[in-house]
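# Geometric and topological summary
So the chains spell out like this:
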Amino acid sequence: KQWYQRRVAITAGSGNNKEALELYSTVLKEKAGDSQTLAVAANNIICINKDQNMFDSKKKLKIATTDTVRTKLAASQTNSIDFNSCLLSFYTNQLEQVKKKSLQLKEAGSPLAPLLLATLLVREKKFEDALKALQEGNSPEEVVQLSIAELMKKTGSYCDSADALKKVLSISKRPGAISLMASLTLLGAGPEAAADYLDAAMEELRSSGKYTNEEITGWALQCAKFCLAHDMPEKAAQNLENLLARDSSNIKALALLIRSYSLFDAPRAHEVALRLPDIDIPADIDLEQLEIGVGVTSGRGLRKVIQPEEEKINEANRRFETKEKKRKKKKVPTATLR
């Protein structure tokens, strides 16, 4: 029994659901543990099954919800079992049971109860009511905050959705989440607000010390391109100047800076262009031949050079046929009545 319990703990932590399901089933079959262990194993099988194998999940739920077992479980364990019981009713379309159980969970103080109520309302297309239910629940659970953000986006409150995502601390400082929040800010408040948010986020990423200089530089270039794409060359130039102050040899940043200045300050663009390094042309390259090659391989020149002999014959035939059609037809004599 102790071996099974240790093995179950190790397997559950590894994320191997198939092996964990086999071990949980063996624990229940051989009753390798006390009633609390069996209840936890049954509950975990329900979690692994999700919306599959409903009949098996219902049988396992009976093991985990007996009165004698519930009195021996911790409050967090009973909340988890009740939540899974509610989900099982949802999967089997017992919506009245879901509503009843979710209200019981709410009274018991379960932080996930508002999520169940909101799920029912979303199913009925009542998105605003679902959002209100989640906000009134005031749950600190990250899954609830993510749901709030999704519903706000669905109802058109893009800036509020971005603010809700900022509360999800486990992801709010990651580049992917920052990109999403910038997109939401762009939709809700416009490009200038999105650019300001990106500047602040980039500063936080830079000061966190978690990312390499190459990653920071790549993101900074993307921010500059964002500013250029939304007609903010001055802001792009400012960001690129800051980037070049840290890495003066970055040719991509220098090229973007020239492009940015060319849109509002041509003399300054010319000054910056002088900072471009000279190109070393190998001595064995014939520039005249390259220029001729460019002329030959462009547009009509390319078609003229590579036109096959057969195509020339076809072209001659087409011209001949055209001339034949243009020839004046002979008049046919007509009889006149007198």
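Let me begin by describing the structure that accompanies this report. These numbers were taken from a predicted model, which means no experiment stands behind them. (Residues numbered from 1 in each chain as written. Predicted model: local features only at pLDDT ≥ 70, side-chain atom pairs only at ≥ 80, totals over all residues. Heavy atoms only, no water.)

## Side note on the overall build of the protein
The secondary structure content of the protein amounts to 20 helices and zero strands. Every one of the 338 residues in the protein was classed for burial, and the buried ones make up 32%. The contacts of the protein with a sequence gap of at least 6 include a subset with a gap of at least 24, amounting to 42%. Accessible area of the protein: about 22,700 Å², with a carbon and sulfur share of 53%. (Helix = DSSP H or I, 4+ residues; strand = E, 2+ residues; numbered from the N terminus. Buried < 20%, exposed > 50% of the residue type's maximum accessible area, 1.4 Å probe, protein only. Contact = heavy atoms within 4.5 Å. Areas by Shrake-Rupley, 256 points an atom, 1.4 Å probe, with all protein chains shown as cover.)

## Examining helix H8 (residues 113-123)
All buried positions along H8 are accounted for by Ala113, Pro114, Leu115, Leu116, Leu117, Ala118 and Leu120. Residues of H8 that are buried sit in contact with helix H6 (75-91), helix H7 (95-107), helix H9 (127-137) and helix H10 (142-154). A positive phi of about 65 degrees marks Lys125, the residue just after H8.

## Considering the side chain of Ser102
Within the secondary structure layout, Ser102 lies in helix H7. Setting aside anything within four residues of it in sequence, one finds Ser102 in contact with Cys86, Ala113, Leu116 and Leu117.

## A short note on the pattern of salt bridges
Summed over the entire model, instances satisfying the criterion amount to ten salt bridges. Lys166 is the partner of Asp163 in a salt bridge, and the nearest nitrogen-oxygen pair spans 3.6 Å. In this pair, Asp163 and Lys166 are both assigned in helix H11 (residues 158-166), three residues apart and thus about one turn of the helix distant. For the salt bridge of Arg206 with Glu203, the shortest nitrogen-to-oxygen distance reads 2.7 Å. Separated by three residues within a single helix, Arg206 and Glu203 lie in helix H13 (residues 191-208), roughly one turn from each other. Assessed through its relative accessible area of 45%, Glu203 is described here as partly exposed. Within this structure, Asp196, Asp199 and Lys235 form a network of salt bridges that share partners. (Salt bridge = Lys/Arg side-chain N within 4 Å of Asp/Glu carboxyl O.)

Coordinates in, geometry out; function isn't part of it.
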